[in-house]
Structure formats: C-alpha cells, structure tokens
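Residues per chain are reported as follows:
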Amino acid sequence: MSAYFVAFIRISDKARYEEYLAGFDAVFEGGEVVAVDDAPIILEGNPPGGRAVIIRFPDDATLRRWYDSPGYARLRAIRQSASEGDILLVHGR
C-alpha cells in the first residue's frame, strides 16, 4: 500500500528555507514528488495554508527510512527553523 507524505508548510524565513530546498535532492530517495503548490485552491474547510507538498512512497517503511534518515533529519531541522508545518503520513493506492 502506498504511503503519502502530505505537508502544509508556512514559510517564515525564505532564505533559510532555500537552504532546505538546496539540500533536498541529495538526501531524497525512494519516493516521487507528486505535487508542490504555493497556492493550493481550497474547495472546502479551513486548511492551514501555505505551501502544499505531496510525495508518494511505495510503503510506510520506505517513507520512514527517508524521513528518519540522518541526512533528512539535518534538513528537517533547517525546515523547522524556517517554517511551521503540518505533516501527515496518509495511506493510499
């Protein structure tokens, strides 16, 4: 069963966030970036706003191996210092 990394990111420090993006490709593995949108269209409800990101992985284990890796942990700290986010692991097809 596929696992999706779904994030709503509210960027507060664009320069610092660029550091995160600059290192992302070097540590990203096992998934496919499906969508990145700085202005998602709200159809219903009150989502948190900001950048929406969807990344598909073949399964939970692959997603967690990337998310918990030392390389991404270093980048995650940079992202967290430059933004606030709501991050979900969503199961799908």
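Use the structure listed above.
The structure displayed is predicted, hence computed values, not measured ones.

J.: Help me get a handle on the environment of G50, residues and values and all.
T.: One can find G50 in the loop between strand 2 (32-37) and strand 3 (51-57). According to the relative accessible area criterion, G50 is partly exposed, its value standing at 35%. Separated by 43 residues in the primary sequence, G50 and A7 have C-alpha atoms spaced 9.4 Å apart. Sequence-distant contacts of G50, defined by excluding residues within four places in its chain, comprise I9, R10, D37, D38 and P40.

J.: Explain the packing of aromatic side chains to me, and be specific about the residues and the numbers.
T.: Within this structure, the stated rule accounts for 14 aromatic pairs. With 5.1 Å between their ring centres and 20° between their planes, F24 and F28 make a pair best called stacked. Residue classification places F24 among the buried residues on the basis of a relative accessible area of 12%. Relative to W66, the ring of F24 has its centre 6.0 Å away and its plane inclined at 75°; by these criteria the two rings are edge-to-face. You can see F24 sitting in helix 1 (residues 14-27) and its partner W66 sitting in helix 2 (residues 60-67), a full 42 residues away along the chain. Given the relative accessible area of 2%, W66 is considered buried.

Basis of the calculations
Residues numbered from 1 in each chain as written. Predicted model: local features only at pLDDT ≥ 70, side-chain atom pairs only at ≥ 80, totals over all residues. Heavy atoms only, no water. Helix = DSSP H or I, 4+ residues; strand = E, 2+ residues; numbered from the N terminus. Buried < 20%, exposed > 50% of the residue type's maximum accessible area, 1.4 Å probe, protein only. Contact = heavy atoms within 4.5 Å. Phe/Tyr/Trp six-rings, centres within 6.5 Å; stacked < 30°, edge-to-face > 60°.

Function cannot be inferred from these measures alone, as they are strictly geometric.
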